[in-house]
Structures are given as C-alpha cells and as structure tokens.
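Coordinates in review
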Amino acid sequence: MRTEMWRAAHRLISHRSKNLCDPRWNPNFHNSIHNSSGFTYNFGRTCKPFNPYLIRHGSDVQKYIYPTRDYIENLHGSTEPCYGKSFRIQNRYYGSASTKIQRNPIFSTINSDDINHFREILGEKNVIQDEDRLSAANMDWMQKYKGSSKLLLQPRSTEEVSQILKYCNSRCLAVVPQGGNTGLVGGSVPVFDEVIINIGSMNNIISFDKVSGILVCEAGCILENLISFLDDQGFIMPLDLGAKGSCQIGGNISTNAGGLRLVRYGSLHGNVLGLEAVLANGTVLDMLGTLRKDNTGYDLKHLFIGSEGSLGVVTKVSILTPPKLSSVNVAFLACKDYLSCQKLLLEAKRKLGEILSAFEFIDNQSFNVVLNHLEGARNPLPPSMHNFYVLIETTGSDESYDKEKLEAFLLHSMEGGLVSDGVLAQDINQASSFWHIREGIPESIMKAGAVYKYDLSIPVEKMYDLVEEMRVRLGHSAKVMGYGHLGDSNLHLNISTPQYDDAILAQIEPFVYEWTSKHRGSISAEHGVGLMKANKIHYSKSAETVQLMGSIKKLLDPNGILNPYKVLPGSLASSS
C-alpha cells in the first residue's frame, strides 16, 4: 500500500514545470493563447495531451471554443449532430402552457401603435418581429421554458432603454430583460407575451484604469470578450463561467453569478463598484461609481445585483479586476470518499492559502457521464475509476514558490491518505483538458436524457448527504449526480432520467427544498430564482423578508412590468 502511495506521489510531483512564456520550452507559444482567464500555465507531470478546439477571430486573436458552446447554439432542434454523434434533447415547456401560472390581466397586449412607437425610438432594424429570431429569444437554452413574445427590442443606449421602459410603463406592457439567455431557472425568457428587451447591442468598453484595475463597460459585453480585453491589459475578470462565450456581464450581475473562482475573488457584491440601471418608469439611476470606499447613504447598487431584472435594467457597470498573475497550476486528484474531499479542502485552505483559486469536486457518476457523452473528454487517471475527483487551481506570482508550496501540499495529502491518485497539468492543453471535464458536465448530462437540475448552497459537511438520500429515495428510476464548487459550499444536484416524468418530479420536489431548508441551506446558490423557484423562496427566506422584498418591488416597479412572475411568489404579486 505504501509503495503504491509513493508511486502516485511520484507521478504528481517528480516532473519540474517548464515556463510556457519562454519560447525555448514552447515554440508555439506565440501562436497559442492563455487560458480563459488570461493566465499562463506552468506545470509538472506529463499526461496525454488534449487538443482544444480553436477558431480564429480576426488576424491576431484566437479563442477556445468548447463543445458546450456549440451545443448551446444548436439546441433548437429535437435531434442535432454533435461531433459525429446524434442525441435527442428532452423538451419540457413551462410558462404560457402552465396551468399553475395565469397571465396577469393588468398587462396590455402589443398593438400596431406600439410597434410604430418603438420603431421611432430604435429604428426599423432593431424592432424584431421575425418568427425565427423570436423563437430563439422565447426559449431558454435548456429548452425547458418557452414564452410567446411577439416583439424583441434591441436598444443601443441607456437613453433608448429609458424611452422603452417609460412607454411600456405608461401602457402597462410587461417586459423581460435579456442578455445572453444562458440562465437555468427561466429568468431570462418570457412566461407569456412580455416584450423582450435584449441588451446585447450595448457592448462597448467605456474605460479601463490600468493603475486601479477598474473596468467600466456596458451591460451587453460578453464575458469572454471582457476576459480577452483584460488579458491584453495584464488583468483578469474576477468572474469565470462555463457559459462565458455567450453570457453578458449585465446578466451576470443581475443574477449575481458565482462561477469557478469565487473561492479566490469573492462574489459580484464585492467586485462591482458601481452600476447604472433604468427603473420601470424610465428613470436612470446613475450609481456608476469607481470608488472602493463610499459610505454616503444606502448602497443601492446591491439591490440590482441578483434581482434578475425585476427592479430595473442594468445598463452599465464598473467592476474591480485583479492583475493577471504569471504562475498557475491545475491538479486533477482522486479521493476515496466525500469525507476525504472535505478534509482536502480544509488542508488546501491552510496549506495553499493565498494562492488557492479554485476547488471543484465531481462524483464518479458525473465523471462517468462526461466520459461517455462529452467529445474529447479523457480520464486523466486511467485505468482506475475513483469515487470522487477534485480539481484544484492555484494562482500566484512566484513560480518556484507556488510550485514548492503545491508539491508539499500534495505530498502531505497523499501521505495522509486524502488523495488516492492525481496528476498535475504540464501545459495549457492539459490544464484545458481538466477544465473541459468540469465545465462539460452540464452538456454531458443533457445528452444523457432528461435532467432535473438544482443549484444549492449547503454546509460542506452535509452537502453530499442530500445526493445519497436522493439516490435512496429514487432507487433505480433515476441517476443522481453531484458536483460543484466545494470551496463555496455550492452543490449542483442533477437527476437524470430517460424522459421527464411527473411521478419522479413528485419524488424530488418538494423534498429537495425541504431538505435544504432543514439544513439551513439556500435553494439558489448562483443560478438565481427566476420562474423555477419563485414560489419556493420561502424555503430560504423568512415571510417577513419576502414581504419586505415585495415592498421594495412595489416601490420601484408599482405596475409590476419588470420581469413578472419571477423571483417573488405569485401570491405576493397578486396581493400587491
């Protein structure tokens, strides 16, 4: 046993890293790119290389195109080819077809006068009535929620957003703000015939201060484009998501997106310094400060971070971005049980401290689905299969110091039995292959059949108990998988079945929410509440808190036109 342990330790730490910035070690460096957050990788042990998919944008810039993004872009057919394989996407629509939600009769319907008025504001080409474009905008990327909007508006400035909302409020026309439409809870698509306001044309970078690292931009900027811009400036975005190629910063802020590196850089409540938002009546709130310290009165920007467009439409943002650091390591490790994952996290916080930038866990069921359904995915630790896997990323400024620190941590963890096996990436391709596994889990599970997805915050020591209890509860009728951001106590519970089944859903809900509430967790860690959980919010928030939320909504949006049926329970909206 001890011999096997030392062999595994040797695989992890025996190979010294090579500096990829140095063309002597990497002759293709100038023709490649950094990772998605702008880091350069310097790693140890050699493993089987993974070739990411590359496409060229313009003459100088290359970007990674993960299969996930191609998959999202091709979701709107029931059967689509994906890298030589065909699969059927399970569809289940909510919204206008739902018997549980009724259209609010206070809202008006679009007429020809409305269309003409919007054309006067936006011009002909930015008032969209084309059925194909509306079909895409009406449906979320999972094809779970489908609205019936007849109008898509594309403003190009805050002033145009203001004019749109002022008119819609006067006519009592309900609206749904939309960015990249990558949400998972039905928050970015219409429920009925709400007017869609897409902010994607507002995609300008306004300013960047290289001394302070403060970026000011419009809300329609795609996250990956901001990452690329900052990379050129020697900085990174504090936010990184699997959907970065499609999601927009305004949507990220409106849902308070968490992402892969929250353990290092914190939430958007801490990184967003200011924003501009338009209220339902067209009033523009200029809170676009760039100061790290400002204690003058109530910090109202926090109302709009995570409110999912229900209080106002975010149009501009200022965000604090960290400097890009030169030394990054990624390790893919195996653990025998969940308790070992917990202990490994504690040790990582103690031993890696300031250089720890990501700590992700994957159970073997999730890992198996990836190997079976994700194109290009390979097991970094063949041929064995383990119960749990952990992806650890470190980020620092001193390559030799960081390397020594990580190697000492890994050796100590293996000697203590916390790690069964592992591998360190040697270059960016290998690092990308590890992240490809983690980021490809949602796509893989979608290919496997119907899926019920839950995004939960649960105390770390209790987190996987829910997965195990759900397996007992559902038996052989479903495959229950757990993965997520262990460093943030964020579990992504996914339940896969051959097809959607009301009997299975009745076994899952409300049990999953009751269990989470019982253990003082949150039913929404980072995906938002949207339509999916609006009537479940009481599982995480007290009645008094929800009532106060309703009062704030009534104050800022008295007619309730902003993203109706979302975030707050329908009973509260009716009483208001």
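Each remark here, short or long, concerns the structure printed above.
These lines cover the structure that appears in this document, whether it is placed above or below. (Residues numbered from 1 in each chain as written. Predicted model: local features only at pLDDT ≥ 70, side-chain atom pairs only at ≥ 80, totals over all residues. Heavy atoms only, no water.)

Let's shift gears to a nonpolar patch on the surface. On the surface, a cluster of nonpolar side chains totalling about 350 Å² of accessible area is made up of Tyr298, Leu300 and Leu303. Topologically, Leu303 is positioned in helix H10 (residues 301-304). Judged by its relative accessible area of 32%, Leu303 falls in the partly exposed class. (Patch = residues over 30% accessible without salt bridge, like charges linked within 9 Å, V, L, I, M, F, W, Y side chains within 5 Å. Areas by Shrake-Rupley, 256 points an atom, 1.4 Å probe, with all protein chains shown as cover. Salt bridge = Lys/Arg side-chain N within 4 Å of Asp/Glu carboxyl O. Helix = DSSP H or I, 4+ residues; strand = E, 2+ residues; numbered from the N terminus. Buried < 20%, exposed > 50% of the residue type's maximum accessible area, 1.4 Å probe, protein only.)

Glancing now at the environment of Ser318. Residue position: Ser318 is located in strand E15 (residues 313-320). Given a relative accessible area of 0%, Ser318 falls into the buried group. Spatially, the C-alpha atoms of Ser318 and Ser207 are 9.1 Å apart, while their sequence positions differ by 111 residues. Each residue touching Ser318, except ones within four places of it in the same chain, is listed here: Ile214, Leu215, Val216, Asn271, Val272, Leu273, Gly274, Leu288, Gly289 and Thr290. Reaching out from Ser318, the side chain makes a polar contact with the backbone oxygen of Gly289 at a distance of 2.5 Å. (Contact = heavy atoms within 4.5 Å. Polar contact = N/O pair within 3.5 Å; in protein donor to acceptor, adjacent residues only side chain to side chain.)

This paragraph deals with the side chain of Asp363. Assignment of secondary structure puts Asp363 in strand E17 (residues 356-363). The exposure class of Asp363 is buried, given its relative accessible area of 0%. A polar side-chain atom of Asp363 sits 2.8 Å from a polar atom in the side chain of Ser366. A distance of 3.0 Å separates a polar atom in the side chain of Asp363 from a polar atom in the side chain of Arg471. What Asp363 contacts, discounting residues up to four positions off in sequence, is Asn387, Phe388, Tyr464, Val467, Arg471, Val480, Met481 and Gly482.

For the coordinates displayed, the defined rule picks out 18 salt bridges. Salt-bridge contacts for Lys244 lead to Asp240; the nearest nitrogen and oxygen are separated by 3.2 Å. One exposure class covers both Lys244 and Asp240, and it is buried. Ionic pairing is found between Asp557 and Lys553, a salt bridge with its closest N-O pair at 2.7 Å. According to the relative accessible area criterion, Lys553 is buried, its value standing at 14%. Bridged by salt links that share partners, the residues Asp240, Lys244, Arg261, Glu393 and Glu439 form one connected network.

To find the voids left in a structure, one rolls a probe of water-molecule size over its atoms. Considering all chains together, one arrives at five cavities of 30 Å³ or more under this definition. Roughly 950 Å³ of volume is contained in the largest cavity. Breaking the lining of the largest cavity down by element, the ones donating at least two residues are helix H2 (67-73), strand E9 (175-178), helix H7 (249-255), E15, helix H14 (428-439), strand E20 (450-457), strand E21 (479-485) and strand E22 (490-497). Counting residues per element, the lining of the largest cavity draws most heavily on H7, at five residues. Tallied by class, residues from the lining of the largest cavity come to 17 nonpolar, 25 polar and six charged. (1 Å grid on protein atoms, 1.4 Å probe; cavity = no way out; pocket = protein on both sides within 12 Å on 5 of 7 lines; lining within 4 Å. Points joined across faces, edges and corners; volume = space filled by probe spheres on them. Nonpolar A, V, L, I, M, F, W, Y, C, P; charged D, E, K, R; others polar.)

With that settled, consider helix H3 (residues 112-122). Residue pairs spaced three or four apart in an α-helix point in one direction, given the helix's 3.6 residues per turn. Listed as buried for H3 are Asp114, Ile115, Phe118, Ile121 and Leu122. Around the axis of H3, the buried residues are gathered within 120° of arc, so they sit on the same side. In H3, the exposed positions angled more than 90 degrees off the buried face are occupied by Ser112, Asp113 and Glu120. Buried-residue contacts for H3 involve strand E6 (127-128), strand E8 (152-153) and helix H5 (158-171). Residue Asn111 occupies the N-cap position of H3, its side-chain oxygen lying 3.0 Å from the main-chain nitrogen of Asp113. (Arc of directions from axis to C-beta.)

On to helix H16 (residues 460-474). The set of residues buried in H16 consists of Val460, Met463, Tyr464, Leu466, Val467, Met470 and Leu474. Mapping the buried residues of H16 onto a view down its axis gives an arc of 130°, with all of them on the same face.

Moving on: the packing of aromatic side chains. Under the defined criterion, the tally for this structure stands at 17 aromatic pairs. Pairing Phe332 with Phe434 gives two aromatic rings, centres 5.7 Å apart and planes at 40°, and the pair type is tilted. Of this pair, Phe332 sits in strand E16 (residues 327-335) while Phe434 sits in helix H14, and the two are 102 residues apart along the sequence. Here Phe434 falls in the buried class, since its relative accessible area comes to 0%. Each member of the aromatic cluster is reached from another via a ring pair, and the members are Phe332, Phe367, Tyr389 and Phe434. Across from the ring centre of Phe511, 4.3 Å away, lies the NZ or CZ of Arg473, which sits over that ring. (Phe/Tyr/Trp six-rings, centres within 6.5 Å; stacked < 30°, edge-to-face > 60°. Lys NZ or Arg CZ within 6 Å of the ring centre and 35° of its normal.)

The strand order across the open sheet built from seven strands is E19-E16-E18-E17-E21-E22-E20, with neighbouring strands paired in antiparallel fashion. In the strand order of this sheet, the two ends are held by strand E19 (421-424) and E20, each with one partner. Direction aside, neighbouring strands of the sheet carry axes that sit 15° apart on average. Examined bridge by bridge, E17 and E21 share two bridges and lie antiparallel to one another. Paired with Ile362 across the two strands is Tyr483, which belongs to E21. Contacting E16, strand E18 (388-396) and E19, helix H13 (residues 399-415) crosses the sheet at an angle of about 10° to E16. Here helix H15 (residues 441-448) sits on the sheet in contact with E17, E20, E21 and E22, set at roughly 165° to E21. (Pairing = 2+ DSSP bridges. Axes fitted to C-alpha atoms, helices over the stretch in contact; angles between N-to-C directions.)

Moving on, we get to the packing of helix H11 (residues 338-351) against H13. Running from N to C, H11 and H13 point in directions that differ by 150°, and their axes come no closer than 11 Å. Taken together, the axes of H11 and H13 lie roughly antiparallel to each other. H11 and H13 meet at a crossing whose hand is right-handed. Two secondary-structure elements touch here, H11 through Leu344, Glu347, Ala348 and Lys351 and H13 through Lys405, Phe409, His412 and Ser413. Among the residues making up the contact of H11 with H13, the classes are represented as three nonpolar, two polar and three charged. (Parallel < 35°, antiparallel > 145°, perpendicular 65-115°, else oblique. Left-handed = near helix turned anticlockwise from the far one by under 90°.)

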